[in-house]
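# Residue-level structure breakdown
So the chains spell out like this:
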Amino acid sequence: MTEALHPLIDCRSRPAFLADFYGATPGTAGFDTARWLNRRTGSLVDDHFRASHTLDGYLDEIRLSGISQAVVVGRDTPGLVVSNDRIADLTRGRPQLIGIGSVDPQTHGIIATLTEIERSVLTLGQKAINIEPGFGAPPLHADDKLFHPVYDVCQSLDVPVCLMSGPTTPDLAYNDPSAVGRVARAYPRLNIVCYHGYWPRADEIIGVAFRYENVFLCPDMYLFAPGGRAYFEAANGVLQDQLLFGTSYPFRAMAQTVADFSALEWKDDVREKVRAGNAKRLLGLS
């Protein structure tokens, strides 16, 4: 399978060197947490992410795993900030890397947030905007009125909004697929990406995506968690245009995740959509 004919886009990736939380510094709590999460998600080597302690090492991991392009996601939460400028510096001049910006209207206020969204998209060229309502201070649901201006401006700029929520959400009450459904209904021209596939509430978010075609699921490392096969089964059927491949690196090994994905019994046309076709269409990639 050649990369030119069969591209593979990893829709959620971060090199470890970006933050201690990603495993940048051995001997720290963040490094130990990264190893723990890798064990929980099934990585065969729990400190594989040491390879991405340098940029060259990260790019080698991408290449050796057979990944054509990796979507590098910024972060803006009270507990961790990886700025949009840092993501832009990392991706600039590297066609194998695609940047996504992040904003936090709770911390920065709505005017500054909307200004940053426009700068991220129009100046930095980032392909989507990531928000993490359940990680806020205080945590909020995705349909909280605070986020409506974010959805408005992203809909008008024709860029997706990425919602990150899964079992590491501090209060699982905010890992709520029904809130995503309410946003999808209110903003029918806004594409919404659900990072981590809102696992473990797989069946519920699949029901939301069944109802709303503007909802995309990226279960990433949780595709291989208990109950994660539901995403695969949905994609082999009605959700074939709404599932995205992701590794969630550095929290699951790249090459292992690619191999585990390839071992699933995808229908031929569905495999190509999930590998890259859906991401290309969603992010406006050539």
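Provided above is the structure to which this section pertains.
Residues numbered from 1 in each chain as written. Predicted model: local features only at pLDDT ≥ 70, side-chain atom pairs only at ≥ 80, totals over all residues. Heavy atoms only, no water.

### Some points on the overall build of the chain
Rules: Helix and strand assignments come from DSSP, with helices taken as H or I runs of at least 4 residues and strands as E runs of at least 2, each series counted from the N terminus. Within these notes, the globule rule equals 2.2 Å times the number of residues to the 0.38 power, and the radius of gyration is based on C-alpha atoms. Each residue gets one of three labels from its accessible area relative to the maximum for its type: buried under 20%, exposed over 50%, partly exposed in between, using a 1.4 Å probe on protein chains only.
Per the secondary structure count, the chain includes 11 helices and nine strands. Taking 2.2 N^0.38 as the reference for a compact globule, 286 residues should give roughly 19 Å; the C-alpha atoms of the chain span a radius of gyration of 17 Å, in line with that estimate. Taken along its principal axes, the extent of the C-alpha atoms in the chain is 45 × 40 × 35 Å. Buried positions account for 57% of the 286 residues belonging to the chain.

### Considerations on the state of the cysteines
Heads up, the rule is: By disulfide we mean two sulfur atoms from cysteines, separated by a distance within 2.5 Å.
The final tally for this structure, using the stated rule, is zero disulfides. Considering cysteine sulfurs only, Cys218 is the nearest to Cys11, which forms no disulfide, with 5.3 Å between them.

### Here we look at the layout of surface pockets
Worth spelling out the cut-off: The definitions used throughout rest on a 1 Å grid laid over the protein atoms alone, on which a cavity is an enclosed set of points accommodating a 1.4 Å probe that cannot get out and a pocket is an open set flanked by protein within 12 Å on both sides along at least five of seven lines; lining residues are those having an atom within 4 Å of a point. Grid points are joined across faces, edges and corners, and a volume is the space filled by probe spheres set on the points. Residue polarity is assigned by list, with Asp, Glu, Lys and Arg as charged and Ala, Val, Leu, Ile, Met, Phe, Trp, Tyr, Cys and Pro as nonpolar; anything else, Gly included, falls into the polar class.
One number sums up the size of the largest pocket: a volume of about 290 Å³. Lining of the largest pocket is provided by 18 residues; of these, Phe21, Arg75, Phe135, Met164 and Thr168 occupy positions nearest its centre. Its residues assigned to classes, the lining of the largest pocket shows nine nonpolar, six polar and three charged. Roughly 200 Å³ of volume is contained in the second largest pocket.

### Observations concerning the pattern of salt bridges
Operational definition: The working definition used for a salt bridge is a side-chain nitrogen of Lys or Arg within 4 Å of a carboxyl oxygen of Asp or Glu.
Counting across every chain of the model gives 16 salt bridges. Among the ionic pairs, Arg50 bridges to Asp47, the shortest N-O distance being 2.8 Å. When its relative accessible area of 21% is taken as the criterion, Asp47 is described as partly exposed. Between Arg229 and Glu233 there is a salt bridge, and its shortest N-O distance comes to 3.7 Å. You can see Arg229 and its partner Glu233 sitting in helix 9 (residues 229-235), four residues apart, about one turn around the helix. Accessibility expressed as a relative area gives 39% for Arg229, which makes it partly exposed. Judged by relative accessible area, which is 48%, Glu233 ranks as partly exposed.

### Thoughts on the side chain of Asn278
Rule in force here: Residue contacts follow a heavy-atom distance rule, with two residues in contact if any of their heavy atoms lie within 4.5 Å.
The residue Asn278 is located in helix 11 (residues 268-283) in this model. With residues up to four places along the chain from it excluded, the contact list for Asn278 reads Gln240, Asp241, Gln242, Leu243, Leu244 and Lys273.

### Topic: the environment of Cys218
Examined against the element boundaries, Cys218 turns out to sit in strand 9 (residues 215-218). Sequence separation between Cys218 and Gly246 is 28 residues, and the spatial gap between their C-alpha atoms is 6.4 Å. Residue contacts for Cys218: discarding those within four places in its chain leaves Cys11, Val193, Cys194, Tyr195, His196, Gly197, Leu244, Phe245 and Gly246.

### Examining the packing of helix 5 (residues 110-123) against helix 6 (residues 148-157)
Threshold: Angular values range over 0 to 180 degrees, each being the angle between N-to-C directions of two axes fitted as lines to C-alpha atoms, with helices fitted over their stretch in contact. Convention used here: angles under 35 degrees read as roughly parallel, angles over 145 as roughly antiparallel, angles from 65 to 115 as roughly perpendicular, and any remaining angle as oblique. Each crossing gets its handedness from the near helix: less than a right angle anticlockwise from the far helix is left-handed, clockwise is right-handed.
Axis separation between helix 5 and helix 6 bottoms out at 10 Å; the angle between their running directions is 25°. Judged on the interaxial angle alone, helix 6 and helix 5 are roughly parallel. Of the two elements, helix 5 crosses helix 6, and the hand of that crossing is right-handed. Here Ile110, Thr113, Leu114, Ile117, Glu118, Val121 and Leu122 of helix 5 come into contact with helix 6, specifically with Pro149, Val150, Val153, Cys154 and Leu157. Class assignment for the residues of the contact of helix 5 with helix 6 results in 10 nonpolar, one polar and one charged.

### Considering the side chain of Thr247
Our working rule: For the purposes of these results, a polar contact is taken to be a pair of N or O atoms within 3.5 Å, where, inside protein, one atom must be able to donate a hydrogen and its partner to accept one; residues adjacent in sequence count only when each atom of the pair is a side-chain atom.
As for its position among the elements, Thr247 is in the loop between helix 9 and helix 10 (254-263). Judged by relative accessible area, Thr247 falls into the buried class, the value being 0%. One polar contact links Thr247 to Asp10, side chain to side chain, over a distance of 2.6 Å. Within polar-contact distance, the side chain of Thr247 engages the backbone nitrogen of Tyr249 at 3.0 Å.

### Focus: the pairing of strand 9
Rules: When DSSP finds two or more bridges between a pair of strands, those strands are recorded as paired. Every crossover in which the path from the first strand over the helix to the second runs clockwise, viewed with the strands pointing away from the viewer, is termed right-handed.
Across the two faces of strand 9 the burial is the same, with Val215 and Leu217 and Phe216 and Cys218 all buried. Here strand 8 (residues 192-195) pairs with strand 9 via four bridges, running parallel. Residue pairing for strand 9: Cys194 is matched across the bridge by Leu217. Crossover connection from strand 8 via helix 8 (residues 202-211) to parallel strand 9: handedness right-handed.

### Digging into helix 2 (residues 55-64)
Those residues of helix 2 that fall on the buried side of the exposure criterion are Gly57, Tyr58, Leu59 and Ile62. Structurally, helix 2 contributes buried residues whose contacts are with strand 1 (9-13), strand 2 (69-73), strand 5 (97-102) and helix 10.

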